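# Inside the fold
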Amino acid sequence: MSTLVQPILLSESEIAELRKEVGRDTLMGKAIAKNIKDVEAFMKLPLEVPGHGEAGGYEHNRHKQNYQYMNLAARLFLITGEDRYGKFVRDLLALYAELYLTFGFHVQKNTNPTGRLFHQILNEHVWLMFTSIAYSCVASSMTEEERQNVIDRLFQPMLDMFVEKYGHDFDRIHNHGIWAVAAVGTCGLAINRPEYLEKSVFGLANNGTGGFLAQISQLFAPSGYYIEGPYYHRYAIRPLCLFAEILHRHRPELDIFNYKDGVIGTTVKALLATAYPNGEFPALNDASRTMGITDIGVQVAVSQYASHYGVDENLLGMAKIQDSVWMHQCGLELSRAYEKASDVGLPFWPSVELNEGPNGDRGAQGFMRVQDKNKDVFQLVMNYGQHGMGHGNFDTLGISYFNRGDEVLREYGFGRWVNVEPKFGGRYLDENKTYARQTIAHNLVTIDETCQNYFDVERADSVHGLPHFFETQSENLVGMSAFANGHFDGFGQQRSVFMFKHDELEAPLLIDLFRLTGEGEHQYDYSHQYEGQIVRTNFEYQAHAELNTLSDELGYRHLWNVAEGEAKDTALVSWLQNNTYYTWLGTSSNDNGKVIFTRSGANDPSFNLRSVPSFILRSKGESTLFASVLETHGYFNEEFEQSVNARGLVQSIEVIGHNAQGSVVSFATDKTRFTLMVSNNPEASKDSTHSVEVAGKTYTWAGYFAVEQETL
């Protein structure tokens, strides 16, 4: 059978335009130069196709590098016209064709099916997709015999394995599934086997239950949010974008970029809208703390969005952080738009609530942003959606908080050292379950030292957060609130978080109200993960000369009890993080508070955990309301020995009262007292009028929340 000998992602005219960018100081010119440098360095190594090895070990990474550099070298072959890049790809393809069928299936078993190159078939899907694109770029420089050898001994056995041996897994709606269909469809097109392209688009049964169209219809909520969170979204976005571009060029009748109301553009924009101002992604669910928009998959997505949905200031801001573009025609369009723009700033995405579930009715993720007087972006993230499948954490109503270039209330991220082979082969560590996914490891309240949903995935999948309000139009006070009922037996939970701007304050204030309702006395631990140096407190505490764990319960057993002290009324904890001071003031409606300072790393003989500090406000009682404010203030410069405004202005916070209708709290500086009133009624609307009687006084307001102030 004759084979297609044309590149499947680039036309001759596009290649000619890309060639003009070689040597230019543009985003595209820099991308080409970097790729040339990287490929040249790799090509100096002897060709090698290793056998099996540890997940994340040398063999694994060499196979990964082989497909990455074949993918780049093949496009450089087209752009530069230099045959040595093509020869590298041809020779490596021939070596894989010679050895692939001799390997057998991987000896290291995983929860996923094994491949001949990798310990899980997912990695083989990725290998096939990029290698197929590379093959399409160099096929015209190969003889018919060379092409047929690669097809018969490499590509066809892979296709058979994916759609026959592992056919039961091919149509699974999952990030693994989207790689599978994209790889098979891309290879089918590259070797002129259109039946594989059809299977990839419409599924093996051709009835709409599988295939690429089913994947993009069911993987994402109407908002575009991906259930496993941004870390896995950026992984799923690359095959989605690459295969969409292929279908746009070779199956134009599908109108793929307008399919299902432009779902591809919607989900790309949703992913970008989750990022912190510095381009890093919040570590929602099992996730790396360092993954961001510079990831190559996100670079592809940004370039493709610019080409098919248009360029705006935020997209140019993303390109500025990436300082690169996809080495493709889509990337060239973004590069040219960036070149024409003047004074490109960093992106400022608007606040957004991204609903979850196929119908958008299984909670949401809230991303709230405001700017201070210096245009610094303050971002507050709250999770009130659904459990993130196999990568989900048990932390509904957890928050993280970012400003001045840093995450302030921090996420631990996953318990894993990716591709660090001595650390359990780079796979998830046991401590991922016993600490990183436990409720106490996150910024929220733990009840009776247990985990939300008692670490039962099936139970967690049966419940989700319930959005209450997401109001971000006010200039001075924005807020979001949600319920998590049924996550602990017999308890209702509500969290309402706000960012408040006032001329008296240097920066926006974070206000946090966490309400719990239940029967009988219980222990509530309101935890805060931070980074930096404690500067002061307003209570006496005992630092422990001999460290003990906080308790023997999961999560707690990995926390050292470093210090603790009684905290009546308002507890104050202030710390210095980099160049900024942060002062937290917290209280609860129970008059029995204790603050415990902890650090992770207990019961960790293999040093798998990072040493992360936290402080916990512990309270005991029945229904309770925690209330706190976090003030950002001051400046510290060690080099110049400067310290300005090291003490915050907020002096106290008080819970006036709370019931099923509303909560009322007050906080004060030495000049002004502010009273915040918040709806607790799930039936309320933004037009509702509330009247709440607490502490012998009636408080009335309109809307979900309101703030009043009085001069002292």
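One numbering rule holds for all chains: residues counted from 1, following each sequence as written. Only residues with pLDDT of at least 70 are given local features in this predicted model, and only at 80 or more are side-chain atom pairs given and counted; all residues enter the totals for whole chains, interfaces and linings. Neither water nor hydrogens contribute to the side-chain values; these are computed over all heavy atoms in the structure.

The next thing to look at is the domain arrangement of the chain. Frequently, the measure chosen for interface size is the accessible area that the parts lose on association. The domain boundaries assigned to the chain delineate domain 1 (45–216), domain 2 (220–345) and domain 3 (359–711). A separation of 31 Å is found between the C-alpha centroids of domain 2 and domain 3. Here the quantity called buried area is the accessible surface, traced with a 1.4 Å probe, that two parts lose on coming together, added over both. Between domain 2 and domain 3 lies a buried interface of about 2200 Å² when both sides are counted; carbon and sulfur atoms form 56% of it. For the domain 2 face of the interface with domain 3, the top three residues by lost area are Tyr276, Asp286 and Arg289, together amounting to 31%. The working definition used for a salt bridge is a side-chain nitrogen of Lys or Arg within 4 Å of a carboxyl oxygen of Asp or Glu. Our count for the contact surface shared by domain 2 and domain 3 stands at 1 salt bridge. Between Glu407 and Arg289 there is a salt bridge, and its shortest N-O distance comes to 2.4 Å. Each polar contact in these results corresponds to two N or O atoms within 3.5 Å; when the atoms are within protein, one needs to be able to donate a hydrogen and the other to accept it, and residues that are neighboring in sequence are counted only if both atoms are side-chain atoms. Taken together, domain 2 and domain 3 are joined by 13 residue pairs in polar contact (both at pLDDT 80 or more). Partitioned by chemical class, the residues of the side of domain 2 that touches domain 3 number 14 nonpolar, 4 polar and 3 charged. Domain start and stop positions are those given by an automatic or database domain assignment. Throughout this entry, Asp, Glu, Lys and Arg are counted as charged residues, while Ala, Val, Leu, Ile, Met, Phe, Trp, Tyr, Cys and Pro are counted as nonpolar. The remaining residues, Gly among them, count as polar.

Our focus in this paragraph is the packing of aromatic side chains. Only rings of Phe, Tyr and Trp enter the pairing, Trp through its six-membered ring, and a pair is recorded when the two centres are within 6.5 Å. The plane angle decides the type: under 30 degrees is stacked, over 60 is edge-to-face, the rest tilted. All told, the structure shown has 37 aromatic pairs when counted by the stated rule. Taken together, a centroid distance of 5.3 Å and an interplanar angle of 40° make the contact between Phe469 and Phe705 tilted. Here the residue Phe469 occupies a position in strand S7 (residues 466–471), and Phe705 occupies one in strand S27 (residues 705–711), the gap between them amounting to 236 residues. Both residues of the pair, Phe469 and Phe705, belong to the buried class. Ring geometry for Tyr526 against Phe626: centres 4.8 Å apart, planes inclined by 35°, an arrangement best described as tilted. Elements are defined by DSSP. Helices are runs of H or I of four residues or more, strands are runs of E of two residues or more, and each kind is numbered from the N terminus. Accessibility here uses a 1.4 Å probe with only protein chains present; expressed as a share of the type maximum, an area under 20% marks a residue as buried, one over 50% as exposed, and anything in between as partly exposed.

Another aspect to go through is the UniProt feature "domain: Heparinase II/III-like C-terminal" (unreviewed entry) in the chain. UniProt positions are given in the numbering used here, feature names are shortened, and annotations may be inferred rather than shown by experiment. The positions UniProt marks with the feature "domain: Heparinase II/III-like C-terminal" (unreviewed entry) are residues 366–622. Secondary structure across residues 366–622 comprises 5% helix and 46% strand; the distance between its end C-alpha atoms is 29 Å.

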